[in-house]
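Descriptive structure summary
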Amino acid sequence: MNRIVYVNGVYLPESEAKVSIFDRGFLMADGVYEVTSVLGGKLIDFDGHAFRLRRSLTELEMASPISKNVLLEVHRELVRLNEIDEGMIYLQITRGAPNDRDFVFPDPQKTPSTIVLFTQNKPGLANNPAAKKGIKVISIEDIRWGRRDIKTVQLLYPSMGKMMAKKAGVDDAWMVQDGFVTEGTSNNAYIVKGNKIITRAKSNDILHGITRAAVLRFAEEAQMEIEERNFSIEEAREADEAFITSASTFVMPVVEIDGVMLGDGSPGNVAPRLREIYIDESRKIAI
Ligand code: PDD
């Protein structure tokens, strides 16, 4: 594969793309990222991702190297150059590459941020067969840092969580803090009791998912009941249904938690309906 990627203002083949060994993203995970999905060659929830990116940068006192309009142009150009119909666009901004390793932030006037974007081609993303069957998760302790609302590239523990899930023969892991589910390793977590959708409220403990915001809005418009509160892993194992949301999975039913089957072990009614609504509505407003 020779994708065309974007590095600091330049489009070039991935084999020619380079960043410095002194880049703080590489040395210190001093960077933020976004993942935006593409359906029918158009961007889903671009405004939401651009807004959260700005927030992550502000929270870390990092300069933004790009305006929202240019960012949109770059996303669209990468979709065009790589002929993406369904897939994702990955964006990463780091605090740049000073000439040496130093814990102290470099002067932004002397060290510009590094910006990288690349595409991930995923034909069949909307029709993912996993959504028909649902996925299985295990629970693991949430030992991440305390600012999970900032979308940083510190993804070692989420990677370890995915590996724990893989070793356990399941698809993903839900993280638990003080007995309550925070979120999935790379997604927000929900349970369903009757017709009520329950998900943890926004705080520094979880990423404020862009898909979460859209799905809750669509659920409300469809007169579904929503409760934003903590739920324990025990409550989750006894729920009628469960699901996750993210830019790469949309709405994905969860049918088993820690080896305990939910309901009859099939995706149920609420999650598949929400998935359909989310994909249909998002396509309509994609840009
Ligand atoms: N992950 N929580 C965590 C910890 C995440 O990493 C993500 C996204 C989400 C869902 O956010 P959104 O709906 O905005 O995608 C929640 C992306 C997809 C990833 O790391 O690949």
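Just so we're clear, the structure is a prediction, and the values are computed from it rather than from any experiment.

Definitions and limits used
Residues numbered from 1 in each chain as written. Predicted model: local features only at pLDDT ≥ 70, side-chain atom pairs only at ≥ 80, totals over all residues. Heavy atoms only, no water. Near = heavy atom within 4 Å. Polar contact = N/O pair within 3.5 Å; in protein donor to acceptor, adjacent residues only side chain to side chain. Areas by Shrake-Rupley, 256 points an atom, 1.4 Å probe, with all protein chains shown as cover. 1 Å grid on protein atoms, 1.4 Å probe; cavity = no way out; pocket = protein on both sides within 12 Å on 5 of 7 lines; lining within 4 Å. Sits in = over half its atoms within 2 Å of the grid points. Helix = DSSP H or I, 4+ residues; strand = E, 2+ residues; numbered from the N terminus. Nonpolar A, V, L, I, M, F, W, Y, C, P; charged D, E, K, R; others polar. Buried < 20%, exposed > 50% of the residue type's maximum accessible area, 1.4 Å probe, protein only. Contact = heavy atoms within 4.5 Å. Domains from an automatic or database assignment. Buried area = accessible area lost by both parts, 1.4 Å probe. Salt bridge = Lys/Arg side-chain N within 4 Å of Asp/Glu carboxyl O.

Attention now moves to the site of the ligand. Near the ligand lie 20 residues; those nearest to it are Tyr33, Glu183, Ile210, Thr211 and Ala247. Contact distances for the ligand include 3.3 Å between a nitrogen atom and a side-chain N or O atom of Lys151. The protein chains hide 89% of the 470 Å² of surface that the ligand would expose on its own. Applying the majority rule of atoms within 2 Å of the grid points places the ligand in the largest pocket. Elements supplying a minimum of two residues to the shell around the ligand: strand E3 (31-39), helix H2 (46-59), strand E9 (180-184), helix H6 (210-221) and strand E13 (241-246). Residue composition of the shell around the ligand, grouped by class: five nonpolar, 11 polar and four charged.

A few words now on the environment of Gly161. Relative to the helices and strands, Gly161 resides in helix H5 (residues 156-167). The class of Gly161 is buried, set by a relative accessible area of 0%. Counting along the chain gives 14 residues from Gly161 to Met175, while the straight-line C-alpha distance between them is 8.4 Å. Filtering out sequence-adjacent residues up to four positions away, Gly161 remains in contact with Ile140, Ala173 and Thr185.

Moving on, we come to the domain arrangement of the chain. As assigned here, the chain comprises domain 1 (4-121) and domain 2 (132-285). Distance from the C-alpha centre of domain 1 to the C-alpha centre of domain 2: 26 Å. Listed per partner, the contact involves 22 residues of domain 1 and 21 residues of domain 2. In total, domain 1 and domain 2 occlude about 1,900 Å² of area from one another, counting both sides; carbon and sulfur atoms represent 62% of this. Looking only at domain 1, the three residues that lose the most surface to domain 2 are Tyr33, Leu39 and Arg52, adding up to 32% of its buried area. The shortest N-O distance in the salt bridge between Asp149 and Arg55 comes to 3.0 Å. Here domain 1 and domain 2 share eight residue pairs in polar contact (both at pLDDT 80 or more) between them. Within the residue set of the side of domain 1 that touches domain 2, elements represented by two or more residues are E3, H2 and strand E5 (87-94). Here the element with the most residues in the side of domain 1 that touches domain 2 is E3; it accounts for seven residues.

What follows concerns the environment of Arg54. With respect to the helices and strands, the residue Arg54 is situated in helix H2. We classify Arg54 as partly exposed; its relative accessible area is 41%. Taking the C-alpha atoms as reference points, Arg54 and Val32, separated by 22 residues in sequence, lie 9.8 Å from one another. Apart from the residues lying within four places of it in its own chain, the contact partners of Arg54 are Ser64, Ile66 and Lys68.

Our next topic: the pattern of salt bridges. Throughout the structure, instances matching the rule amount to 23 salt bridges. Among the ionic pairs, Glu183 bridges to Arg144, the shortest N-O distance being 2.8 Å. Here Arg144 lies in the loop between strand E7 (135-141) and H5 and Glu183 lies in strand E9, a separation of 39 residues in the sequence. Residue Arg144 is classed as buried on the basis of its relative accessible area of 18%. A salt bridge links Arg229 to Glu235; its shortest N-O distance comes to 2.8 Å. The exposure class assigned to Arg229 is partly exposed, which follows from its relative accessible area of 26%. Overlapping salt bridges, with partners in common, bring together Lys193, Lys196, Glu227, Arg229 and Glu235 in one network.

Below, the discussion takes up the side chain of Arg275. With respect to the helices and strands, the residue Arg275 is situated in helix H8 (residues 270-285). A polar atom in the side chain of Arg275 sits 3.0 Å from the backbone oxygen of Thr249. Within polar-contact distance, the side chain of Arg275 engages the backbone oxygen of Val251 at 2.8 Å. With residues near it in sequence (within four places) discarded, Arg275 still touches Leu125, Ala126, Asn128, Ala131, Thr249, Phe250, Val251 and Met252.

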